[in-house]
Structures are given as structure tokens and as C-alpha cells.
Amino acid sequence: GAAGQDISLVNTGGSIIIQATESAVDSILIESTLGGIDILASGATAEDIDIINTGGSVNITATEAANDSIVLNASNAAGGIDLTTATTTADGIDVASSGTTGDSFDIDAAALTTGDVFDITYTGTTGSAIRATDSTAADANAMVWLNNTAADVTAQTYLVQGRYTDDADAEADFILMEDNNGD
């Protein structure tokens, strides 16, 4: 058909269920060859949109050459975004970027009156809360770069601030730096 010649499926007061039983990678295919696809839910709280693949994966791919080709937006001021993984021996959440310019991982936040921009709580007994590994040999500028761009340094009292609450262990160190030989 032409523009405006739409097909509408409307069930007033009931549901619409589409189900396929073929074992195929495209058992149900929805495609718009020229336009976009909108999935909208105008219901109340807890009437969510669920995408679940039992036994398989969920892949979201965008090919547009744009900084925001994939956007996750919780638009309510009291809303948030949770990324949760099950117990795994592999990387729980893996962020990989193949870009050669700009920042691979960039976090921007408005001025906070309470809380932190980046908060990590680690409850394990082995490993590290944060580990930075540089495998680019001698051409890397810095492993960790901390930069305070405030014109008035008193606006941010500390560039790095830390606290060690356990004072019972005489062998514990707040900061430990050593080379490859453990020195």
C-alpha cells in the first residue's frame, strides 16, 4: 500500500496475542523497511514492557553513525537504570569500545547536593573493587588521570580523599604501591 493505507489490529477491552511455534531464528519477524518501529505502553505503574528470551540472548544493535545510536532513558526524575547479572565466573557487565578518539566510557552528572557521581560497594573477600590494567605498553599517557578543572581550588577541597575504617590490623595499608617485583 501507500502512505496512510495502514492495517490496524484493535481489540477493545481484550488482548492481542501473536504466537509462533516454529523453531527458527526468525520465528516472528517484524520489519519496517523504510520507517521506524514504535513500541508504546500507555498503562499504569507496573504495566511494563517485558522482553524475555528463555534460553537465549537479547541483542540490541544499531547501525546509525551517531553518538546516541542506542539510548536508555529513565525520564522520570525519581527513576533510574539497573544493570543486573546473575552469579557468573565471567565478566558480569562488560563494556567494550573500539573508538580511537574521545572517551570510551564517559559519565556526566549534574551538581549533586548529596551522594556521589560514581559509587562502588564491594562485599567480596578476594580481588579488587577497582582494577585498571594498561596493555598499551609505553605509549599510554597515564593509568589514572584525575583532573580538577575548578578555577577556585577551594570549591573542591580534595582531589583524592580516602578513609580506612579498620584500625585493628597493624599490617593493613591505606595505599600500597609496588612494582612488578613486589617492591
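Colleague: I would appreciate a short explanation of the overall build of the chain in the present structure.
Modeller: Within the chain, the regular secondary structure consists of zero helices and zero strands. Expressed as a percentage of its 183 residues, the buried residues of the chain come to 0%. Considering only contacts within the chain whose residues lie at least 6 apart along the sequence, 0% involve residues at least 24 apart. When the accessible surface of the chain is summed, it comes to about 18,400 Å², and 48% of that surface belongs to carbon and sulfur atoms.

Colleague: Sorry, what's going on with unusual backbone geometry here?
Modeller: Peptide bonds are mostly trans, and most non-glycine residues show a negative phi. Of note in this structure, A46 is not a glycine but carries a positive phi near 75 degrees. Looking at A46, the relative accessible area reads 64%, which means it is exposed.

About the thresholds
Residues numbered from 1 in each chain as written. Predicted model: local features only at pLDDT ≥ 70, side-chain atom pairs only at ≥ 80, totals over all residues. Heavy atoms only, no water. Helix = DSSP H or I, 4+ residues; strand = E, 2+ residues; numbered from the N terminus. Buried < 20%, exposed > 50% of the residue type's maximum accessible area, 1.4 Å probe, protein only. Contact = heavy atoms within 4.5 Å. Areas by Shrake-Rupley, 256 points an atom, 1.4 Å probe, with all protein chains shown as cover.

Just distances and angles here, no functional claims.
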